[in-house]
Protein chains: 2
Amino acid sequence: MLSGTPPSIKRLIEELKRLPGIGDRNAERLAFHVLGAPAERAEALARALVMMKKTVRDCRRCYNLTEEDLCGICRDPNRTEGILCIVQTARDLLAIEGTGQYKGRYHVLKGVLSPMRGIGPEDLTVQALLARIGEEGIKEVILATNLNVEGEATASYLLAALKPLGVKVSRIARGIPIGGSLEHADAVTLGLAIDGRKEL
Amino acid sequence: MLSGTPPSIKRLIEELKRLPGIGDRNAERLAFHVLGAPAERAEALARALVMMKKTVRDCRRCYNLTEEDLCGICRDPNRTEGILCIVQTARDLLAIEGTGQYKGRYHVLKGVLSPMRGIGPEDLTVQALLARIGEEGIKEVILATNLNVEGEATASYLLAALKPLGVKVSRIARGIPIGGSLEHADAVTLGLAIDGRKEL
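Residues numbered from 1 in each chain as written. Chains lettered and ligands numbered in written order. Predicted model: local features only at pLDDT ≥ 70, side-chain atom pairs only at ≥ 80, totals over all residues. Heavy atoms only, no water.

A.B. asks: Is there a simple way to think about the domain arrangement of chain A in this case?
C.D. replies: Accessible area lost upon the coming together of the parts is a frequently used measure of interface size. Parsing chain A into structural domains produces domain 1 (7-55) and domain 2 (70-199). One C-alpha centre belongs to domain 1 of chain A, the other to domain 2 of chain A; they are set 35 Å apart. (Domains from an automatic or database assignment.)

So, in structure tokens, the structure goes:
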């Protein structure tokens, strides 16, 4: 259906199709919607895209997303000290925050161990995590990596690395279905999983 | 899940949610995808959005989308002269082009008559259409507005306006879609399909 479409519409459709879950028809629909909407909307969306990429970076301490040097959680004086929740991604952190069940601080691994994909501890923020244990007097660590093979392997690796440092290590409860990922879990299930964590 | 999210991510999610068919979870997923993708992708998408809104306009003659004065179809010397296909939107034009069944020219109404929404002939490109009949020596007009109440009303209105000009006016066939089954067709469609039967 695209023969005869002006090049700039085709270009937008091509860019939209690169987004996850946006197929041909969907990209077309979105492009024609933007075409029919006020120019301010397209400009606001374009600006939001570029601004986000420009301003968002990793928190210097926990690798959460932030627009400052330290993220909102690291800057918050009311969080419980001495406890860290380890997550794969900043999205997982936000999912846990959404439960309201956890008041400590976080550490974002920025991925998961995956020999298959050639991702080792040095590709994650593991070194920074281990350094934080002593520096911040961490007494307890909750491993909240995904409940799939890679997440479990990463949790095992971290358990082995953390135990010698004398910290209590727990794993979120298997309230989340095996094979599922944190970002798709509902808040209640996720909250129960944190509540029911088991010492390893 | 958005408490603690940097403002620029929230802003992008808000803009994405304004798009049709993009809900909360979807907007979040898209925003975090962009966050993880190279900055060039976000910039290319942003540029494509703004460029499209800037460069695309209506064809001076048929109101199809174009980046020039006349659209690609109006500029094409190989289209059959003397026949016009009337469509509601440029998207409908592209859908018909996609069939490869039609080689004449088009006229885009830019909407449909709707007393309910206060849209009359003066809000569409009807005047320009009527002017084209004489100017371009149009002999035949195909009414390809939608097969719903407003599309049918618009087709009736155009039939009445075009007939006195001495042009042959036809309406796209009503019937059962290819692959459709009789038992799922509504009674009106089925009635029209029987009414419009073709001798084999």
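So that's the structure; there's more coming.
A.B. asks: How should I be thinking about the side chain of Arg79(B) in this particular structure?
C.D. replies: All names here are of chain B. As for its position among the elements, Arg79 is in the loop between helix 4 (72-75) and strand 3 (83-87). Assessed through its relative accessible area of 9%, Arg79 is described here as buried. Side-chain polar atoms of Arg79 contact the backbone oxygen of Tyr102, separated by 3.3 Å. A distance of 3.1 Å separates a polar atom in the side chain of Arg79 from the backbone oxygen of Lys103. (Helix = DSSP H or I, 4+ residues; strand = E, 2+ residues; numbered from the N terminus. Buried < 20%, exposed > 50% of the residue type's maximum accessible area, 1.4 Å probe, protein only. Polar contact = N/O pair within 3.5 Å; in protein donor to acceptor, adjacent residues only side chain to side chain.)

A.B. asks: Where do I start with the nonpolar core in this structure?
C.D. replies: Among soluble globular proteins, nonpolar side chains are generally buried collectively. Ranked by size, the top nonpolar core spans 83 residues in total, and within it Ile9(A), Leu16(A), Ile96(A), Ile9(B) and Leu16(B) carry the most contacts. Look past the residues within four positions of Leu16(B) in its chain and what remains in contact with it is Leu45(A), Ile22(B), Ala27(B), Leu30(B) and Ala31(B). (Core = buried A, V, L, I, M, F, W, Y, C linked by side-chain atoms within 4.5 Å. Contact = heavy atoms within 4.5 Å.)

A.B. asks: What is the right way to look at helix 6 (residues 126-135) of chain B in this model?
C.D. replies: An α-helical segment advances 3.6 residues per turn. Residues three or four places apart therefore align on the same side. Residue and element names in this part refer to chain B. Within helix 6, burial applies to Val126, Leu129, Arg132 and Ile133. Projection of helix 6 onto a plane perpendicular to its axis shows the buried side chains occupying an angular sector of 115 degrees, all on one side. Residues of helix 6 that are exposed and angled more than 90 degrees away from the buried face: Gln127, Gly134 and Glu135. Packed against the buried residues of helix 6 are strand 3, strand 4 (105-108), strand 5 (140-143) and helix 7 (149-162). Directly after helix 6, the chain includes Gly137, whose backbone phi takes a positive value near 60 degrees. (Arc of directions from axis to C-beta.)

A.B. asks: Got a minute to help me understand helix 3 (residues 39-55) of chain A in this structure?
C.D. replies: Here helix 3 of chain A spans 24 Å end to end across 17 residues, near enough to the 24 Å set by a 1.5 Å rise per residue. Among all positions in helix 3 of chain A, only Ala42(A), Ala44(A), Leu45(A), Ala46(A), Ala48(A), Leu49(A), Met52(A) and Lys53(A) are buried. Residues of helix 3 of chain A that are buried in the fold lie against helix 2 (24-36) of chain A together with helix 1 (7-17), helix 2 (24-36) and helix 3 (39-55) of chain B. (Expected span 1.5 Å × (residues − 1).)

A.B. asks: Can you help me understand the interface of chain A and chain B in this one?
C.D. replies: With 53 residues of chain A at the contact, the number on the chain B side is 51 residues. If you sort the residues of chain A by the area they bury against chain B, Met52(A), Lys53(A) and Arg91(A) come out on top, with a joint share of 14%. In this structure, the connection of chain A to chain B is made through 4 salt bridges. In this structure, Glu28(B) engages Arg91(A) in a salt bridge whose closest nitrogen and oxygen atoms are separated by 3.9 Å. Where chain A touches chain B, the interface holds 12 residue pairs in polar contact (both at pLDDT 80 or more). At the level of secondary structure, the elements contributing two or more residues to the side of chain A that touches chain B comprise helix 1 (7-17), helix 2, helix 3, strand 2 (65-66) and helix 5 (90-99) of chain A. Of the residues forming the side of chain A that touches chain B, the biggest block, 13 residues, is contributed by helix 3 of chain A. A class-by-class count of the residues in the side of chain A that touches chain B yields 29 nonpolar, 11 polar and 13 charged. (Buried area = accessible area lost by both parts, 1.4 Å probe. Salt bridge = Lys/Arg side-chain N within 4 Å of Asp/Glu carboxyl O. Nonpolar A, V, L, I, M, F, W, Y, C, P; charged D, E, K, R; others polar.)

A.B. asks: I keep staring at the sheet that holds strand 3 of chain B and nothing clicks. Help me out?
C.D. replies: Two strands in a sheet stick together by hydrogen bonds in their backbones, pointing the same way (parallel) or opposite ways (antiparallel). Residues and elements named next belong to chain B. A sheet is described by the order of its strands in space; here 4 strands give the open sequence 4-3-5-6, paired in parallel fashion. The open sheet is flanked by strand 4 and strand 6 (168-171), the only strands paired with a single partner. Sheet twist, expressed as the average angle between the axes of neighbouring strands with direction ignored, equals 25 degrees. Pairing between strand 3 and strand 5: 4 bridges, direction parallel. If you follow Leu84 over to strand 5, its bridge partner there is Val141. (Pairing = 2+ DSSP bridges. Axes fitted to C-alpha atoms, helices over the stretch in contact; angles between N-to-C directions.)

A.B. asks: Hey, could you run me through unusual backbone geometry in this one?
C.D. replies: Peptide bonds are trans in most cases, and residues, glycine excluded, mostly fall at negative phi. All names here are of chain A. One non-glycine residue, Lys110, lies in positive phi territory at about 65 degrees. Mapped onto the fold, Lys110 is located in the loop between strand 4 (105-108) and helix 6 (126-135). The exposure class of Lys110 is partly exposed, given its relative accessible area of 44%.

A.B. asks: So what exactly am I meant to see when it comes to the pairing of strand 5 (residues 140-143) of chain A here?
C.D. replies: Residue and element names in this part refer to chain A. Side chains Glu140 and Ile142 project from strand 5 onto one buried face, and the interleaved Val141 and Leu143 project onto a second face that is buried too. Alignment of strand 5 against strand 6 (residues 168-171), held across 4 bridges, turns out to be parallel. When the sheet's bridge partners are listed, Leu143 is paired in strand 6 with Arg171. Handedness of the β-α-β unit built from strand 5, helix 7 (residues 149-162) and strand 6 comes out right-handed. (Right-handed = clockwise from strand over helix to strand, strands pointing away.)

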